[in-house]
Amino acid sequence: MRIDPAAGTGAEGYRLIVEPGGIAIDADTGRGLFYGVETLLQLVPSTCGMPCLIPAVRIEDAPRFEWRGLLVDVSRHFFGKPALLKVIDEMAAHKLNVLHLHLTDDAGWRFEVPAYPKLVTVGARGDEDTPGAGTPRYLSKRDIRELVDHARLRYVEIVPEIELPTHCGAAARAYPELFDGERSINPAHDASWAFITEVFAEAARQFPSPFLHFGGDEFSGDRWDQLPEVQRLRQKAGLTTKREVEGYFDNQVAQLIAKLGRQPMAWDETAEAGVAPQVLIQWWRKDRPDVLDAAIRSGHDVVLSPVDQVYLDYPNALGEPGAPWEGNDNGPTSVGKILSWEPVPQRYTPEEARHIRGVEAALWTEFIRSERYMQFMLYPRLFAFADVAWRPAGREQPPDFEPRVQTHLERLRAQGIHARRSASDAVEYMTH
Ligand code: ACM
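The structure reproduced in this document is the subject of the present report. (Residues numbered from 1 in each chain as written. Predicted model: local features only at pLDDT ≥ 70, side-chain atom pairs only at ≥ 80, totals over all residues. Heavy atoms only, no water.)

Attention now moves to the pairing of strand β8 (residues 211-215). With five of five residues buried, β8 is to be regarded as a mostly interior element. Inspection of the sheet shows strand β7 (residues 157-164) paired to β8 by two bridges, in the parallel sense. Bridge assignment links Glu161 to a residue of β8, and that residue is His213. Examined bridge by bridge, β8 and strand β9 (residues 263-267) share three bridges and lie parallel to one another. Residue pairing for β9: Phe211 is matched across the bridge by Gln263. (Buried < 20%, exposed > 50% of the residue type's maximum accessible area, 1.4 Å probe, protein only. Helix = DSSP H or I, 4+ residues; strand = E, 2+ residues; numbered from the N terminus. Pairing = 2+ DSSP bridges.)

Structure follows, in structure tokens:
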């Protein structure tokens, strides 16, 4: 095994040769070497005798996308360090490299900000089913340090998301004076800006990621419109429409994240509201390709997470459990549907396509209440997603995916990790 900057494999690629005389892996970087080893491990049969025979191969391999992500929502239902460590292991085994943690939302606030202790003593209580009730559940600083270290050793970056201006119900329970009487921050108070600044500064202290995600999705602005202090802010800043106020807010947040030395990232609504091109845009609204096109044309880089292709909270098959929302209108999110997804729209020029940094699957957890069910929703679909994130442009979906995935499922079962095997599993998972 050799790291050799002259190997010519690129930042993440590797060359793996298995022949009777031995095994060699070459890569420009440690990351590439790591992926070569993961591929080698996949060549080892799940039941291996002595001697253990592995096929002779010569593989030159490199990923299509640099951003190969998975979002896990730990707000709606809380999933702590043990569950996330296992997810990171599976991501690394399948060469995924970004774990996006959706840390805050209406249901619960899930990380510590010492300057605002009620975010956890109040905001971390409860979940989607019982917001505000029960003992606080969150990732402690120590949990985060362990997760970040575990992930780093496996070449996975943890990107934290702190949702603003809305989806803030849990923080609003803790510090109502900073909010708008509902679930959005009040942008007209200096105290709100002190809060936002400290929350992101704390996120930057705990997460070394070059990116800080500030959400920005599904904001209506109706409530702000009714507040006299927001009206005054509007006049002072010369903002005429609700959308302009939203864009103004988004840009302020993006600037303070940039001052922390990190790149701001946000959902595609912020691009529609006019956020600056320095913000990495995560596109989810599959019925708004116009927003994606406009974002790219105005210079944003983007990560693609269209709701109908890669939202893993949607059902695997008709009649199975899963989120009932709009992502279902092109049929269930089956392994086959994910595998056949071509992320880059044909309408893009090569220059436009270069703005697509990668793809990210999303596991929202409004309806996911147990680790067992979480695993059922993740596997094997995450493996299909990883194939799309890695395989070269234009390459057909692998015909041997089903048999190959069986080996992975056996390995998961041996580790006590659940996975969907067939439609009949769903009944069991729905009732337990
Ligand atoms: C989203 O699903 N609202 C980003």
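Scanning all chains against the criterion turns up 20 aromatic pairs. Between Tyr373 and Phe376 the ring centres are 6.2 Å apart and the planes differ by 35 degrees, which places this aromatic pair in the tilted class. A residue pair is termed a helical-turn pair when its members lie 3 or 4 positions apart in one helix, as Tyr373 and Phe376 do in helix α15 (residues 371-378) at three residues. Taken together, a centroid distance of 5.4 Å and an interplanar angle of 25 degrees make the contact between Tyr379 and Phe383 stacked. On the basis of relative accessible area, Tyr379 is assigned to the buried category, the value being 1%. Through pairs of rings, three or more aromatic residues link up here, namely Trp109, Phe111, Tyr116, Tyr175, Phe179 and Phe195. One Lys or Arg, Lys95, reaches over the ring of Trp390 and ends 5.5 Å from the middle of that ring. (Phe/Tyr/Trp six-rings, centres within 6.5 Å; stacked < 30°, edge-to-face > 60°. Lys NZ or Arg CZ within 6 Å of the ring centre and 35° of its normal.)

In this section: the pairing of β9. The side chains of a regular strand alternate, first on one face of the sheet and then on the other. For β9, a buried count of four out of five residues is recorded, marking the element as mostly surrounded by other parts of the structure. Alignment of β9 against strand β10 (residues 280-283), held across three bridges, turns out to be parallel. The residue of β10 that forms the bridge with Met265 is Leu280.

For His150, the position within the fold is in helix α4 (residues 141-153). For His150, the residues in contact, after removing those within four places along its chain, are Leu85, Ile88 and Asp89. (Contact = heavy atoms within 4.5 Å.)

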